[in-house]
Structures are given as structure tokens and as C-alpha cells.
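Chains, contacts and geometry: an overview
Residues per chain, in single letters:
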Amino acid sequence: MVEHVYRRAAAATGIGRVLVATDDARVAQAVSAFGGDVRMTRGDHPSGLDRLAEVADLLASDIVVNVQGDEPLVDPSLIDTVVEALAAPAVDIATARCPITTAVELGNPNAVKVVTDRAGDALYFSRGPIPHRRDGGGAEVLGFRHVGLYAYRRRCLLDLARLDPTPLERSEQLEQLRALESGFRIRVVETASAPAGVDTPADLSRVRRLFASRACR
């Protein structure tokens, strides 16, 4: 799975270098076996943000992109779109969202929801359904799902890593809330659908079926 993520990230036109950051020797061995570039990190990081910052602290790049290792179907063009969102100088972090159209997905805590202001900047992320529709409603789009892909300004990433986990971050177990609680601006771009990530054994089976059918190659 990590090899698929690595190669799709490398296919993005705006990416100059791909590194895998891990504290697990088995992951490091797998990456080395396919010729990937890997960095071993400390094992006590409270989130992926903190692990990324450990590696970014040794890099010279002004922008650092975090692609989750459980997103083997991530679209290289979406990575480019998220990076391009940082062209706005007031934006510290960029990420993505896609429509939620089923009640099952809306209620799934593994499908993180996001709401934004009119400029497209994040107001809040939650594992619960947001926004709450008081009248029930019949809208075709029930909400928006966060796509776990981030582009950070390096100085923002390093500043965030120096902060302790914040109350909302600890409550929701969502590292991006540390940024919102600390006053950083997160721009959220739109995409039609989320890549099929792997959060559960059922997700893994679904992705394996997609690869077996060659539907995602």
C-alpha cells in the first residue's frame, strides 16, 4: 500500500521529492525494498503532523505536503491542486473536501467532516455530522468529507509542532484542529470524490478488489 501512495505522490507535477516518514522498521524495510526514500522518526509523536515536522525540520523546501500512507488511490492532480492553493499568501495550510451524499457516510466517524466559510477556509472539522440539519432537509449533498491530504508552509508546520495538542484536537483526535485553535488559516479546495482510503479491514478488501479489477490503474 505504501508503495502505491509513494508512486502516486511522485507522479504529481509540483512535487520535487517524496519521503516516507515512519517509526516502524517494517515500513522502512518495505520502502527500501522498492527503492523509495525513507526517514526513521521518533516513536512518541502524538500525530502525523508532529512526525512530518521532525523530517521537515531538516529540509530546505518552503512547502511540505503530507500524503497519508493509507491513501493508495490518491490522485496526483489533487496533490497539485492542493499545493497551488498556497499561492494565496494569507493561507498557511491547504487541504481538500468532497461532497457527502449518503447518510451512512455522514454518520461514519472515520469519514471526517469539514465546514468552511464563504472564502473556502475551514471553520471546523469533526468526526460527527456537521452541519446539523435542524429541519431534516432533503439536500442532495448532506455535507462535505475531508480528504486527508495537506500542503503546509514549512514555517507553519514547524510552529504547529512546537505547540501542545489542543483541547478540540484531543477530543476529536484530529490534528488539523490544533491549527484552527491556534489561529492558522486552512484553505479547503473542492474535489468531486474522495480516494478510497484504508481505515478498516473492509476498506482494505474494497481497495484490493479495485486493484484486482484494474479499475484504479
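Above this text is the structure in question.
Residues numbered from 1 in each chain as written. Predicted model: local features only at pLDDT ≥ 70, side-chain atom pairs only at ≥ 80, totals over all residues. Heavy atoms only, no water.

1. Notes on the pairing of strand 5 (residues 113-116)
Where strand 5 meets strand 6 (residues 122-126), 4 bridges bridge the pair, whose relative direction is antiparallel. Across the sheet, the residue bridging to Lys113 is Ser126, located in strand 6. The hairpin turn running from strand 5 into strand 6, its antiparallel successor, is 5 residues long, and Gly120 in that turn takes a positive phi close to 90°. (Pairing = 2+ DSSP bridges. Helix = DSSP H or I, 4+ residues; strand = E, 2+ residues; numbered from the N terminus.)

2. What to know about the environment of Glu169
The topology assignment puts Glu169 in helix 7 (residues 167-172). According to the relative accessible area criterion, Glu169 is buried, its value standing at 6%. Separated by 127 residues in sequence, Glu169 and Arg42 place their C-alpha atoms 21 Å apart. For Glu169, the residues in contact, after removing those within four places along its chain, are Ser47, Leu174, Glu175, Leu177, Arg178 and Glu181. (Buried < 20%, exposed > 50% of the residue type's maximum accessible area, 1.4 Å probe, protein only. Contact = heavy atoms within 4.5 Å.)

3. As for the packing of aromatic side chains
Here the structure, examined in full by the defined rule, presents 2 aromatic pairs. Judged by centre distance (5.3 Å) and plane angle (70°), the rings of Tyr6 and Phe34 are edge-to-face. Here the residue Tyr6 occupies a position in helix 1 (residues 2-10), and Phe34 occupies one in the loop between helix 2 (25-33) and strand 2 (38-40), the gap between them amounting to 28 residues. Looking at Tyr6, the relative accessible area reads 14%, which means it is buried. Using a relative accessible area of 15% as the deciding quantity, one classes Phe34 as buried. Where Tyr150 meets Tyr152, the ring centres are 5.7 Å apart and the plane angle is 25°; that geometry is what we call stacked. Residue Tyr152 is classed as buried on the basis of its relative accessible area of 2%. A cation over a ring is seen here: Arg97 above Phe144, with NZ or CZ 3.6 Å from the ring centre. (Phe/Tyr/Trp six-rings, centres within 6.5 Å; stacked < 30°, edge-to-face > 60°. Lys NZ or Arg CZ within 6 Å of the ring centre and 35° of its normal.)

4. Brief notes about unusual backbone geometry
With an omega of -5°, the peptide bond running from Ile130 to Pro131 counts as cis. With respect to the secondary-structure elements, Pro131 resides in the loop between strand 6 and strand 7 (143-153). You will see that Gln173, though not glycine, has its phi angle at about 60°, which is positive. Of note, Gln173 is situated in the loop between helix 7 and helix 8 (176-181). Taking relative accessible area as the criterion, Gln173 reaches 57% and is therefore assigned exposed.

5. Side note on the layout of surface pockets
Within this model, the second largest pocket holds a volume of roughly 280 Å³. Lining the second largest pocket are 17 residues, and of these Glu105, Arg145, Pro195, Asp203 and Arg206 sit closest to its centre. When residues of the lining of the second largest pocket are traced back to their parent elements, those giving at least two are strand 4 (93-100) and helix 9 (201-212). (1 Å grid on protein atoms, 1.4 Å probe; cavity = no way out; pocket = protein on both sides within 12 Å on 5 of 7 lines; lining within 4 Å. Points joined across faces, edges and corners; volume = space filled by probe spheres on them.)

6. Remarks on the environment of Arg51
Mapped onto the elements, Arg51 comes out in helix 3 (residues 48-56). Sequence spacing of Arg51 and Met40 is 11 residues, and the spatial spacing of their C-alpha atoms is 9.6 Å. Contacts of Arg51, omitting those with residues within four sequence positions, involve Ala21, Thr22, Asp23, Thr41, Arg42 and His45.

7. Side note on the pattern of salt bridges
Overall, the coordinates contain 14 salt bridges when judged by the stated rule. Notably, a salt bridge pairs Glu3 with Arg7, separated by 3.0 Å at the nearest N-O pair. Of this pair, Glu3 and Arg7 both sit in helix 1, 4 residues apart, which is roughly one turn of that helix. Note on Glu3: relative accessible area 34%, which makes it partly exposed. With its nearest N and O atoms 2.7 Å apart, the salt bridge here joins Asp24 to Arg26. (Salt bridge = Lys/Arg side-chain N within 4 Å of Asp/Glu carboxyl O.)

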